[in-house]
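What follows is each chain in one-letter form.
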Amino acid sequence: MNVVSPDMKLCSKVPEKNFFVMSKIPIKDIIAYTLVMGGIIFIILRGASEQGYFWQWFQVPKYLFTLEDGTFTLGPLLQGLKVTLNITWIAMILTYTIGLITALLRLSDSIVGRLFARVYLETARNTPLIVQLFFIYFVVAPVLGIDRLFSAIIALSLFEGAYASEIYRSGIVSLPKGQWEASHSLGLSRFDTYRKIILPQAVRRVLPPLTSQTISLIKDSSLVSVIAVYEMTMQANAIVAETFLSFEIYFTIAAIYLVITISLSQVIALLERRFKVNN
Amino acid sequence: MTKMKLGDYIINVNNICKTFPNGVKALCNFTTNIRRAEVVVVIGPSGSGKSTFLRCLNGLEEIDSGEIIFDGIPLDHHKENRLKIRREMGMVFQSFNLFPHMTVLENVMLAQQLVRKSSKTVAKSVSMELLEKVGIQDKIDSYPGQLSGGQQQRVAIARALAMKPKVMLFDEATSALDPEMIGEVLDVMKTLANEGMTMICVTHELGFAQEVSDWVIFMDEGKIIEGGTAEHFFSDPKEERTKHFLSQIL
């Protein structure tokens, strides 16, 4: 509609008045937040001092980056972050793809397809990721001739893909049967029905759980350190082994993981609002 | 009322049976034939198999036995035949079933482009024409969720008509509507009937049946109890069950 409604006209005049409304400070919330955070920090500091821990935060920056004579060099932690991000985004695409294919196979008419998807799903979901990592790295990789990094990516994608497939499937079966029937009654093929009707709606529905899964993927990528892929956690382990700065280094990488995962969920939340379907 | 003359048979339904997996017999030795340009109204108590009959016609439900032949094409296990038949049969549902993630215009254009392979321009002009016909021309960029039930159902009719079907199936098209919106949908259906569209309507609107139908079928327990022209059917029902049903709803 191009007509400006009376409400919209009102809105454009309001800002001066609105200022007071906006500046109304939620005092209760702030006090509650400060108390909770203060409590947590107190417990951590207290725990550390009981242990007689000697904090050396000043040591941390050089592991992130160094600035010498105006040249910027990435420290081991940020180099590890680069590897982590590389693993994550490729594994993410593979996870979504594997998940989608598995979900479609499980919902297909083909008995072989359904069985195959089921066996994969149960195996990947019911065994520890660390075992799968070892299996792929030590058993499958030599046969296929793939390297460490790629083994890590494959193992992660297969593991997370199993969960993603269940998320997709729940999104697909949650759509009203009428959507299928309307599409069929128009003569659309199964492929077109999925492509144009079912998946666009299902994906919107499963964005929130899919985001959680992606966040899991980012965090689980720290496990690939067991096959000596030098991603962020592996680098952190190495530094800790050398310097005994366990709390400082682990808190630092935890903060970095937090920054990545929170930005990701913000981006997805934005997408969600954009694609919101008015049912 | 000026109506086109009825043509030859377009749908032959021979002895079809349908039992649901839970053991409910929905259709039992059901036989009927439908002519071109004929408007058939199917009435009957709920659970009598009316909707199932309609859904069997375009293969949304599989029949257990018997045969359905549409314009010379048997509805069988061949995917090609099934798709061919569905392309020639439009269906309008009780719950509209518009695609909520597409605008009104996209809803109507979709099948023309994907199934009929029309160009975007052609699909758009056909859609605009149909939306005008059903009176939704000023809402083409709205999403279904922004429309009233009556408007949604009219869009659904336009969407089905966009495929230029030979037959239209209406499955209780007005049952989910608020009373004040039933009229607008029935008007569109009446216009279609008068234009010579072959229609099979499952409905509770007896006024509509009396006004436009060429043939009324009364069903109960998966069987045709009685069929006749609207005049005969309503004024002089033969079967006891029909009389009972009519007395209940008239």
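Across its full length, chain B carries nine helices and 10 strands. Taken against the 2.2 N^0.38 rule, which gives 18 Å for 250 residues, the C-alpha radius of gyration of chain B at 18 Å falls within 12% of a compact globule. Per-residue burial for chain B yields a buried fraction of 56% across its 250 residues. For chain B, the share of sequence-separated contacts (at least 6 apart) that also reach a separation of at least 24 residues comes to 67%. Per element, the accessible surface of chain B, about 11,000 Å² overall, is 48% carbon and sulfur. Of the charged side chains in chain B, 28 are positive and 32 negative, and the gap between their average positions amounts to 6 Å.

All right, on to the layout of surface pockets then. One number sums up the size of the largest pocket: a volume of about 510 Å³. Along the wall of the largest pocket there are 19 residues; nearest its centre are A:H184, A:R190, B:K79, B:R82 and B:R86. Of all the elements in the fold, those that place two or more residues in the lining of the largest pocket are α9 (177-185) of chain A together with α2 (79-88) of chain B. Here the residues of the lining of the largest pocket are counted per class, giving four nonpolar, four polar and 11 charged.

Next up on the list: the interface of chain A and chain B. Facing the 21 residues of chain A at the interface are 24 residues of chain B. Across the chain A to chain B interface the summed buried area is about 1,900 Å²; carbon plus sulfur atoms make up 65%. Put simply, chain A and chain B have one salt bridge between them. For B:R55, the salt bridge is made with A:E181, and the minimal N-O distance between the two is 2.6 Å. Between the two partners, chain A and chain B, sit five residue pairs in polar contact (both at pLDDT 80 or more). Elements supplying a minimum of two residues to the side of chain A that touches chain B: α9 and α10 (190-220) of chain A. Among the elements that line the side of chain A that touches chain B, the one with the most residues is α9(A), at eight residues. Here the side of chain A that touches chain B is built from residues that sort into six nonpolar, nine polar and six charged.

Right, let's talk about the sheet that holds strand β6 (residues 89-92) of chain B for a bit. Residues and elements named next belong to chain B. The six strands are arranged β6-β7-β8-β3-β9-β10 in an open sheet whose pairing can be described as mixed. Because the sheet does not close on itself, it has two edges, and the strands there are β6 and β10 (223-228). Across the sheet, the mean angle from the axis of one strand to that of its neighbour is 15 degrees, orientation sign disregarded. In the packing of helix α6 (residues 179-194) onto the sheet, the strands contacted are β3 (39-43), β7 (167-171) and β8 (198-202), and the crossing angle to β8 comes to about 145 degrees. On top of the sheet, helix α9 (residues 240-249) reaches β3, β9 (215-220) and β10; it is set at about 100 degrees to β9, its chief contact.

Now for α9(A). Burial within α9(A) is extensive, with eight of its nine residues counted as buried. Residues of α9(A) that are buried include every one of A:G178, A:Q179, A:W180, A:E181, A:A182, A:S183, A:H184 and A:S185, and no others. Close packing links the buried residues of α9(A) with α8 (148-173) and α10 of chain A together with α1 (50-57), α2, β6 and α5 (149-161) of chain B. Following α9(A) by one or two positions, A:G187 has its phi on the positive side, about 90 degrees.

Looking now at the packing of aromatic side chains. Going through the model one piece at a time under the given rule, you end up with 12 aromatic pairs over all chains. Put simply, the rings of A:W55, A:W57, A:F247 and A:F251 touch in pairs and so form one group of aromatic residues. A cation sits over an aromatic face here: B:R35 above B:Y9, 4.5 Å from the ring centre. Lying across the ring of B:F99, B:R159 places its NZ or CZ 4.5 Å from the centre.

Right, let's talk about the environment of A:L35 for a bit. By secondary structure assignment, the location of A:L35 is in helix α3 (residues 27-51). Measuring from C-alpha to C-alpha, the distance between A:L35 and A:S49 comes to 21 Å, with 14 residues separating the pair along the chain.

This part covers empty space enclosed by the protein. All names here are of chain A. Taken as a whole and judged by the stated rule, the model has one cavity of 30 Å³ or more. Quantified by volume, the largest cavity comes out at close to 30 Å³. Together, M92, T95, Y96, E160, L210, Q213, T214 and L217 line the largest cavity. When contributions to the lining of the largest cavity are tallied by element, the ones reaching two or more residues are α5 (76-106) and α10. Among the elements that make up the lining of the largest cavity, the one with the highest residue count is α10 (four residues).

The rules behind the values
Residues numbered from 1 in each chain as written. Chains lettered and ligands numbered in written order. Predicted model: local features only at pLDDT ≥ 70, side-chain atom pairs only at ≥ 80, totals over all residues. Heavy atoms only, no water. Helix = DSSP H or I, 4+ residues; strand = E, 2+ residues; numbered from the N terminus. Rg over C-alpha atoms; globule rule 2.2 N^0.38 Å. Buried < 20%, exposed > 50% of the residue type's maximum accessible area, 1.4 Å probe, protein only. Contact = heavy atoms within 4.5 Å. Areas by Shrake-Rupley, 256 points an atom, 1.4 Å probe, with all protein chains shown as cover. Lys, Arg positive; Asp, Glu negative; His and termini not counted. Charge placed at Lys NZ, Arg CZ, Asp CG, Glu CD. 1 Å grid on protein atoms, 1.4 Å probe; cavity = no way out; pocket = protein on both sides within 12 Å on 5 of 7 lines; lining within 4 Å. Points joined across faces, edges and corners; volume = space filled by probe spheres on them. Nonpolar A, V, L, I, M, F, W, Y, C, P; charged D, E, K, R; others polar. Buried area = accessible area lost by both parts, 1.4 Å probe. Salt bridge = Lys/Arg side-chain N within 4 Å of Asp/Glu carboxyl O. Polar contact = N/O pair within 3.5 Å; in protein donor to acceptor, adjacent residues only side chain to side chain. Pairing = 2+ DSSP bridges. Axes fitted to C-alpha atoms, helices over the stretch in contact; angles between N-to-C directions. Phe/Tyr/Trp six-rings, centres within 6.5 Å; stacked < 30°, edge-to-face > 60°. Lys NZ or Arg CZ within 6 Å of the ring centre and 35° of its normal.

Nothing here speaks to function; it is all geometry.
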